[in-house]
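Listed here are the chains, written in short residue letters.
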Amino acid sequence: MPDAHYTQPTLAALYDAECQWSQADDFYVEIGGSAPKSILDIGCGTGQLSTELASRGHNVTGVDPALPMLDIAEQRHGGDQVTWVCSDAEAFQTRQTFDIIMMTGHAFQVLAGAAQMLALFRKTHALLRPHGKFAFETRNPAVDWHDRWDNSRTVLTVNGQSVTLTRRVLEQSSDHVTFDTNYDFGDKVLTSHSRLY
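None of these values were measured; they are calculated from a predicted model.

## With respect to the packing of helix 4 (residues 23-32) against helix 5 (residues 48-55)
Then step 1. Interaxial distance between helix 4 and helix 5 falls to 10 Å at its minimum, and their mutual angle equals 40°. It follows that helix 4 is oblique to helix 5 by the angle criterion. Here helix 4 runs over helix 5; the crossing is right-handed. Where helix 4 abuts helix 5, its residues D25, Y28 and V29 lie against L49, E52 and L53.

Structure (structure tokens):
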């Protein structure tokens, strides 16, 4: 199951404020190129990248297992130009094939070990057209995630409410990193527990 910050509507609504457009998104837009392509965005979240790709003329399908994230994706500007599917990568079924399949952010990193990763590679291979591309990100085990992620910061929600996010790495090894993110709304604190491989 996805982490709480994807599945709880209150936390999902913070995702765009927490994870704003970055150079990584520019990189994936570049992969899409200028000629229209059929693109599958696995783990599309709130649809920031999917809708941007669709606005550039691509035929985009966004897949995510967290319905609260897809609810936001469908409502965003350009959301009606994307086909949204609530599913995890392994269960996703379609007769369509794709020029490009993408898994951005931590989407690939939630796969628990080699067996799940191999299953995903088989799935993407079956869904890719000849000479298609599969673009994804993996965790660098050499990075000091304590140094990078142990911090607090304040973000503003859509309605202007201030929420303080505090992330603490609990365990780091060559195999995985686990961390908690606390969301302090002033009158309540919600916690999301995460593990990346």
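Picking up where we left off.
## Concerning the side chain of T124
Then step 1. Looking at the secondary structure, you find T124 in helix 7 (residues 114-127).
Then step 2. Since its relative accessible area comes to 2%, T124 is described here as buried.
Then step 3. The contact partners of T124, leaving out residues within four places of it in the chain, are I42, I101 and F134.

## Remarks on the sheet that holds strand 4 (residues 98-103)
Then step 1. The strand order across the open sheet built from five strands is 3-2-1-4-5, with neighbouring strands paired in parallel fashion. Of all strands in the sheet, those with a lone pairing partner are strand 3 (83-86) and strand 5 (128-136), marking the two edges. The average angle at which neighbouring strand axes cross in this sheet is 15°, direction not considered.
Then step 2. Looking at chain direction, strand 4 and strand 5 are connected through five bridges and run parallel. Pairing of F98 across the sheet is with L128, part of strand 5.
Then step 3. Strands strand 1 (38-42), strand 4 and strand 5 of the sheet are contacted by helix 4, whose axis makes an angle of about 170° with strand 4.
Then step 4. Against the sheet, helix 7 touches strand 1, strand 4 and strand 5, its axis set at about 140° to strand 5.

## A word on the side chain of T51
Then step 1. Counting through the fold element by element, T51 comes out in helix 5.
Then step 2. A polar contact is formed between the side chain of T51 and the backbone oxygen of Q48, at a distance of 3.1 Å.
Then step 3. Each residue touching T51, except ones within four places of it in the same chain, is listed here: R76, H77, G78, G79, V82 and W84.

## As for helix 5
Then step 1. Of all the eight residues making up helix 5, six are buried; the element is thus mostly covered by neighbouring parts of the structure.
Then step 2. Turning to helix 5, its buried residues are Q48, L49, S50, T51, L53 and A54.
Then step 3. On the buried face of helix 5, the contacting elements are helix 3 (15-18), helix 4, strand 1, strand 2 (59-64), strand 3 and strand 4.
Then step 4. Where helix 5 terminates, the next one or two residues include G57, which has phi positive at roughly 95°.

## Thoughts on the pairing of strand 9 (residues 189-196)
Then step 1. Examined bridge by bridge, strand 8 (residues 177-184) and strand 9 share eight bridges and lie antiparallel to one another. By the bridge assignment for strand 9, D180 is matched with H193.
Then step 2. Connecting the antiparallel pair strand 8 and strand 9 is a turn made up of four residues, with G186 showing a positive phi of about 95°.

## Here's the deal with unusual backbone geometry
Then step 1. A positive phi angle, near 70°, is found at H131, a position not held by glycine.
Then step 2. Take H131: its relative accessible area is 82%, and that puts it in the exposed class.

## Here we look at the nonpolar core
If you look at soluble globular proteins, the nonpolar side chains tend to sit buried side by side.
Then step 1. Counting residues in each nonpolar core, the largest one holds 16 residues, and the members touching the most others are L53 and M102.
Then step 2. Within the residue set of this core, elements represented by two or more residues are helix 4, helix 5, helix 6 (67-75) and strand 4.
Then step 3. Not counting residues within four places of it along the chain, the set of residues in contact with L53 comprises Y28, V29, I39, H58, V60 and M102.
Then step 4. Listed in part, the 15 residues of the second largest apolar core include L40, A89, F92 and A107.

Definitions and cut-offs
Residues numbered from 1 in each chain as written. Predicted model: local features only at pLDDT ≥ 70, side-chain atom pairs only at ≥ 80, totals over all residues. Heavy atoms only, no water. Axes fitted to C-alpha atoms, helices over the stretch in contact; angles between N-to-C directions. Helix = DSSP H or I, 4+ residues; strand = E, 2+ residues; numbered from the N terminus. Parallel < 35°, antiparallel > 145°, perpendicular 65-115°, else oblique. Left-handed = near helix turned anticlockwise from the far one by under 90°. Contact = heavy atoms within 4.5 Å. Buried < 20%, exposed > 50% of the residue type's maximum accessible area, 1.4 Å probe, protein only. Pairing = 2+ DSSP bridges. Polar contact = N/O pair within 3.5 Å; in protein donor to acceptor, adjacent residues only side chain to side chain. Core = buried A, V, L, I, M, F, W, Y, C linked by side-chain atoms within 4.5 Å.

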